[in-house]
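Report on the structure
Spelled out from the first residue to the last, the chains are:
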Amino acid sequence: MRRPQLDIQLKTPDQIEKMRAAGLVVAAALRRMREAVAPGVTTADLDAIAESTIREAGAVPSFKGYHGFPASICSSVNEQVVHAIPSAQQVLRDGDLISIDCGAVLDGWHGDAAITVGVGEVDPALLKMAAVAEDAMWAGIAAAARGAASGKGRLTDISHAVEDAVRKGGRYGIVDGYGGHGIGTEMHQDPHVLNHGRPGKGPRLVPGMALAIEPMITMGSPRTVELSDGWTVITRDRSMAVHVEHTMALLPDGVWVLTAPDGGRARLGELVTSRQPADPSTATRSRPATA
């Protein structure tokens, strides 16, 4: 079933269960990469960890081959905002920030998530920016859950909640033009989810919607430029950037953060659907991979 105009794919609860399985594969890959991040590690090393984790789970990397993208992750370091290609020549150094974006498709359904990780000893101001982005992402997810529960929520309620959390967190740039998206049988679907805007606009938030919420913020200007490789996006002023993301779905009784091992319960409490057990380990015992 699809909503008119924007062609929004609405999923059944059983289909969302399948997306949860894909989301847990992504969570496992990100956990293993987070553990591996250290000075001297290359972004190609991280890409190899992601690909092996995804394939061992019986899934396929969503990114590899997508419009010609050559790798299983995007590994964006420092002023790189998003879509950076992993490389054996990109060696992580003490004080770096790396944003790792990862996707997997399992049984035809996609999961997509991103984390920002400090390398070694990192400037506390940069770690604070990463925490602000994380808080803004969760604020957007909570707004979606509350909006769907009330029956009055609109898409830009998410955008407004993300922006408001970023503005309250400090003087950061919210990256122009990039944002979250619908997700399901394709990695990128309608609608586009901006990280800023006035509330109360766009399609209603209803059960069956699955969205990737992904703030990208900078220490300076929000303006970006794409490099000659046709993929890597950097800040125009070369200021540091962070990127975080979770895939979430709306069900009749709450939200499910499909790429979070606990389904989002630690951050969202009773907003989370009853399909997510209170003990997240019970949700993953029969899964091909855990996080």
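Presented here is a report on the structure given in the accompanying data block.

Cut-off values and rules
- Residues numbered from 1 in each chain as written.
- Predicted model: local features only at pLDDT ≥ 70, side-chain atom pairs only at ≥ 80, totals over all residues.
- Heavy atoms only, no water.
- Core = buried A, V, L, I, M, F, W, Y, C linked by side-chain atoms within 4.5 Å.
- Buried < 20%, exposed > 50% of the residue type's maximum accessible area, 1.4 Å probe, protein only.
- Helix = DSSP H or I, 4+ residues; strand = E, 2+ residues; numbered from the N terminus.
- Contact = heavy atoms within 4.5 Å.

All right, on to the nonpolar core then. Counting 40 residues, the largest nonpolar core has Ile141, Ile158, Ile213 and Ile217 as the members making the most contacts within it. When residues of this core are traced back to their parent elements, those giving at least two are α3 (124-150), α4 (155-169), β11 (210-213), β16 (246-251) and β17 (254-257). When residues in this core are grouped by element, the largest group, 13 residues, is from α3. Residue contacts for isoleucine 213: discarding those within four places in its chain leaves Met137, Ile141, Ile158, Val162, Val193, Val244, Glu245, His246 and Met248. Core analysis: the next-biggest nonpolar cluster, separate from the first, contains 26 residues, Val25, Ala29, Leu106 and Val119 among them.

Quick look at unusual backbone geometry now. Residue proline 191 is reached from aspartate 190 by a cis peptide bond, and omega for that bond is 0°. By the secondary structure assignment, proline 191 is in strand β10 (residues 189-193). Phi is positive for aspartate 7, which is not a glycine, with a value near 60°. Tracing the backbone shows aspartate 7 in the loop between β1 (2-3) and β2 (8-9). The backbone phi angle of asparagine 78 is positive, close to 60°, even though this residue is not glycine. You can see asparagine 78 is positioned in the loop between β4 (73-77) and β5 (80-82).

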